[in-house]
Amino acid sequence: DWFNSLITPSVWISNFLIPIVWTVIYLAFAVVFFFWVKKGNGVPKEIYVWGIINGILNVLWCLVFFTFNQLFLGLVFIIFNLVAGWIFWQKIISQNKIYGRILIIYPLWLSMRVLLLLLFVGASLQAITKVFANFSITRKQKNHQEIGD
């Protein structure tokens, strides 16, 4: 499994927390949207649009990262998702402060996800640097031995 073969940073969350956090996020959105619709005004179109944008970016990130196993491209998609997530939240809180306070978990979780992926990338780059450093040292030792012979 590609994901499990990645070098996990020393700072990491337990895997069992991820579905719990997403469940809380989806429930928070369901409750907020239920009450928004119940109020009679409906959910503003702008909120729907930003929700769809966030959903698409989240699916794309999952495909790029978990299906295509692209660590760096996954980072690009997750950063776009983070920016869109904060814009989405800003649109919500500008319409309704209470709903915005409830849904702050979403952009905060996206921020945490970006941080974790940055740690993954950093750990991977550190490992790659060590491999090249060891290769360089081995190559220099080999050249030194050839010159000495």
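Structure: above.
My aim in this report is to walk through the structure given alongside it, one point at a time. (Residues numbered from 1 in each chain as written. Predicted model: local features only at pLDDT ≥ 70, side-chain atom pairs only at ≥ 80, totals over all residues. Heavy atoms only, no water.)

What follows deals with helix α4 (residues 71-95). Taking 1.5 Å per residue as the helical rise, α4 with its 25 residues ought to reach 36 Å, and the 36 Å between its terminal C-alpha atoms agrees with that figure. Along α4, the residues classified as buried are Leu 71, Gly 74, Leu 75, Ile 78, Asn 81, Leu 82, Ala 84, Gly 85, Phe 88, Trp 89, Ile 92 and Ile 93. (Helix = DSSP H or I, 4+ residues; strand = E, 2+ residues; numbered from the N terminus. Expected span 1.5 Å × (residues − 1). Buried < 20%, exposed > 50% of the residue type's maximum accessible area, 1.4 Å probe, protein only.)

As a further point, take the pattern of salt bridges. A side chain with one charge can pair with a side chain of the opposite charge if their charged atoms come near. Counted by the stated rule, this structure contains one salt bridge. With a shortest N-O distance of 3.1 Å, Lys 91 and Glu 46 are connected by a salt bridge. Pair noted here: Lys 91 is in helix α4 and Glu 46 is in helix α3 (residues 45-67), with a separation of 45 residues, a long-range link. Here Lys 91 falls in the partly exposed class, since its relative accessible area comes to 24%. (Salt bridge = Lys/Arg side-chain N within 4 Å of Asp/Glu carboxyl O.)

Turning our eyes to something else, we now look at a nonpolar patch on the surface. Together, Ile 52, Ile 56, Val 59, Leu 60, Leu 63 and Phe 68 make up an exposed nonpolar region whose accessible area comes to about 550 Å². Structurally, Leu 63 is set in helix α3. (Patch = residues over 30% accessible without salt bridge, like charges linked within 9 Å, V, L, I, M, F, W, Y side chains within 5 Å. Areas by Shrake-Rupley, 256 points an atom, 1.4 Å probe, with all protein chains shown as cover.)

Within the secondary structure, Ser 10 is located in the loop between α1 (2-5) and α2 (17-38). With 113 residues separating them along the chain, Ser 10 and Ala 123 place their C-alpha atoms 8.8 Å apart.

These figures capture arrangement, not role.
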